[in-house]
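Spelled out from the first residue to the last, the chains are:
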Amino acid sequence: MDGSEMQIPTLLGVVPVLVNTGAALLPAGLAALASAAALLLKPRELVRVCKAKPWAPLLVLALAVGGWFGIGWLLGGEAAAAGGGRPTAGGAAMVGSGGAGGSGGAGGVQTDWTRVALEILRHERRQAAGGAAGTGEGAAAEGEADGDAASGMAGDQPVIFRGGTSRRGYGGGRSPVDLDLAWAYHAEEFAMVLASPVVHEGRVYGASTLLDPPATYGTVFAVDAGTGERLWQTQVVDASTEQDMKGFFSSPAVTADGRHVLIGQGLHADADCELLCLDAETGEVVWSVPTPLHVESSPAIEGDIAVVGAGAIEAGADRTPQGDPEGRGHPGYVFAVRISTGEELWRYQVNDPESSPVIRDGIAYIGSGVNGNAVVALRVEGTDAELEAEGLERLVWRTETPHPAVGAVTLVDDLVLIGCGNSDYVFADPNPAGLVLALDAASGEKRWQVDLPDSVLGPIAVDQGLAVAAVRSGEHDDGRRSGQIVALDVSEQGREVWRYQLGRNALALAGPALTDSHVYALSTDGYLLVLDRADGSLVEEHYVNQSGRPGEQGLSISSPFVADGQVYVGSETGGLRAYEGVSSP
């Protein structure tokens, strides 16, 4: 398939669609007016207006109902009952349930024939694949990954960003191809899903971001992995004060016992954010640890301790850190928290640790970004006083890097892998450069590096000696630049195995998911790419943003997660999406 073309799914069947014109156009018109009003007033401000003036929504509702019946009377037909065609805030919308998908009948009963047809097709696909997706069957059949269980969902291991320390983004089971949209979940109208989902025991945990300048707002949620049905959704840090959560770039992590979900909050310009711990069953906030900065880093977990980075807020051409109350600027720091109590155990200054850390055997590895340019290894156990009493320092080693090290750390065997570069998620350096760096986990000594045409910002996925990374951009023969997916041989000093270049002018910022047979990647213009693991050839691609509301900010940056025959991915306008298909040959 030509990468520059959008793939258009073909409906394999004839579906009767009988629509009463008045009933179809009126809800669509009201929905459009409501959406416009929400945009003009800003969604959260609209809620506050309704709380302050409860008579206002009642008046609007009365006018809307009057208009509904009035226009229906003028058109000579009854106002049809609303038929579940539009995904509501906090609800899962099954594919095919569009507003024009039903037929009006006596008593307002509607049948969505599009949805029925697609459900039949899905059922046939599942039978051909040997079982329903999302049930967990066959999860153990695919074997294990390097460094952690393939499922990433084993009861004795936490599920961190991308599943485990090898960052595969793979929870076991089938590697699906010939994908169809199974469900889409919208936490809030106009909310984006920047964070990457994780799957644990039949649940998908995710987070969303609503931009309402100058503020950001966020939601953490759990949905059923098979159906997309909402299990819970949380958007306040403290219910007693109604303190709203800020937006989320950090991705959730689940403790080994499955009881708690940890996530950092805040985007890059946000200050006064928290590391949050939520009850995995109910979504209630168990504790929060405040920082003067933001937590875009995704937490690492070992035992009862979580480690994460609080990143700097830079400003100006020289990217000077901001945010210190005395005007000196706060460079950022790494900190550890006891999960059972929410007690902060220690802080260690590391410049701009936006990187997502990993922990092994009591050592945490994390990158240092802007104004830092390093990778550090830190002792996790013990307070500063306890380490001093033992004659130990928090810092085990520090290795300088040529560029900011903002990529998530991958740990496989005795190697620490991390991506670096001089461009970031928003700004492109006029002379872009990047690399994948491999360090000795014990000493921090450089084993090898692979120079690349731009930054590697997402996590590097590794399995059986193959490392797959997303390169922000690379140059075409005609001078255009677009993202690249690169596969390297870890055992041969990072020798390049294959490279796939995006056909459009899109970037590659999200980390790829790596299964036994395929690579699943996301481009910033909203395409989910399925590549052949052996040679990097394009198998298929699918547009993940909402039909009729394409992503225009290039913020499809959520790293896909594959588990039990489904692909889960966040998008700029399409919410959190699940795709299912047949098993790969």
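What this report covers is the structure whose coordinates are included nearby. Fair warning: this is a prediction, and the values are worked out from it, not measured in the lab.

## Quick look at the overall build of the chain
And then number 1: Helix and strand counts for the chain stand at five helices and 39 strands.
And then number 2: With the model as given, the accessible surface of the chain reaches about 24100 Å², and the carbon-plus-sulfur share is 55%.

## Quick look at the side chain of Thr-401
And then number 1: By secondary structure assignment, the location of Thr-401 is in the loop between strand E24 (395-400) and strand E25 (410-412).
And then number 2: In terms of polar contacts, Thr-401 uses its side chain to reach the backbone amide nitrogen of Ala-374, at 3.2 Å.
And then number 3: Within polar-contact distance, the side chain of Thr-401 engages the backbone oxygen of His-403 at 2.6 Å.

## A look at the environment of Tyr-348
And then number 1: Inspection of the secondary structure puts Tyr-348 in strand E20 (residues 343-349).
And then number 2: Classification of Tyr-348 by relative accessible area gives partly exposed; the value is 26%.
And then number 3: Spatially, the C-alpha atom of Tyr-348 lies 6.3 Å from that of Phe-335, the residues being 13 residues apart in sequence.
And then number 4: Beyond its immediate chain neighbours, meaning those up to four positions away, Tyr-348 contacts Tyr-333, Val-334, Leu-378, Arg-394 and Leu-395.

## What to know about the sheet that holds strand E23 (residues 374-379)
And then number 1: The strand order E21-E22-E23-E24 describes an open sheet built from four strands, whose pairing is antiparallel. The sheet is open, and its two borders are formed by strand E21 (358-360) and E24, each paired with just one other strand. Taking each pair of neighbouring strands and ignoring which way they run, the sheet shows an average axis angle of 20°.

## Some words on the sheet that holds strand E31 (residues 481-489)
And then number 1: The strand order E29-E30-E31-E32 describes an open sheet built from four strands, whose pairing is antiparallel. Among the strands making up the open sheet, the edge pair consists of strand E29 (461-463) and strand E32 (495-501). Put simply, the sheet's adjacent strands are angled 30° from each other on average, direction ignored.
And then number 2: As paired elements, strand E30 (residues 466-475) and E31 share eight bridges and run antiparallel to each other. The residue of E31 that forms the bridge with Val-471 is Gln-484.

## Concerning the packing of aromatic side chains
And then number 1: In the structure shown here, the tally under the stated rule is seven aromatic pairs.
And then number 2: Look at Trp-183 and Tyr-568: their rings are 6.1 Å apart centre to centre, the planes differ by 45°, and that puts the pair in the tilted class. With Trp-183 in strand E4 (residues 176-186) and Tyr-568 in strand E38 (residues 566-570), the pair connects residues that are 385 residues apart, well separated along the chain.
And then number 3: Judged by its relative accessible area of 0%, Trp-183 falls in the buried class.
And then number 4: For Tyr-568, a relative accessible area of 1% corresponds to the buried category.
And then number 5: A centroid spacing of 4.9 Å and a plane angle of 45° characterise the contact between Tyr-185 and Phe-221, whose relative ring orientation is tilted. Taken together, the residues span a long stretch of sequence, with Tyr-185 in strand E4 and Phe-221 in strand E7 (residues 215-224) at a distance of 36 residues.
And then number 6: Exposure remark for Tyr-185: the relative accessible area of 0% places this residue in the buried category.
And then number 7: Over the face of the ring belonging to Tyr-527 we find Arg-504, whose NZ or CZ atom lies 3.8 Å from the ring centre.

## As for unusual backbone geometry
And then number 1: In the segment running from Pro-213 into Pro-214, the intervening peptide bond is cis, with an omega of 5°.
And then number 2: Examined against the element boundaries, Pro-214 turns out to sit in the loop between strand E6 (203-212) and E7.
And then number 3: Phi angles above zero are rare outside glycine, and Arg-167 is one such case at about 55°.
And then number 4: Locating Arg-167 in the fold gives a position in the loop between helix H4 (113-129) and E4.
And then number 5: Residue class for Arg-167 comes out buried when judged on its relative accessible area of 1%.
And then number 6: For Asp-413, which is not a glycine, the phi torsion comes out positive at approximately 55°.
And then number 7: By relative accessible area, which is 56% here, Asp-413 ends up exposed.

What counts, and at which threshold
Residues numbered from 1 in each chain as written. Predicted model: local features only at pLDDT ≥ 70, side-chain atom pairs only at ≥ 80, totals over all residues. Heavy atoms only, no water. Helix = DSSP H or I, 4+ residues; strand = E, 2+ residues; numbered from the N terminus. Areas by Shrake-Rupley, 256 points an atom, 1.4 Å probe, with all protein chains shown as cover. Polar contact = N/O pair within 3.5 Å; in protein donor to acceptor, adjacent residues only side chain to side chain. Buried < 20%, exposed > 50% of the residue type's maximum accessible area, 1.4 Å probe, protein only. Contact = heavy atoms within 4.5 Å. Pairing = 2+ DSSP bridges. Axes fitted to C-alpha atoms, helices over the stretch in contact; angles between N-to-C directions. Phe/Tyr/Trp six-rings, centres within 6.5 Å; stacked < 30°, edge-to-face > 60°. Lys NZ or Arg CZ within 6 Å of the ring centre and 35° of its normal.

Read these as geometric descriptors, not functional statements.
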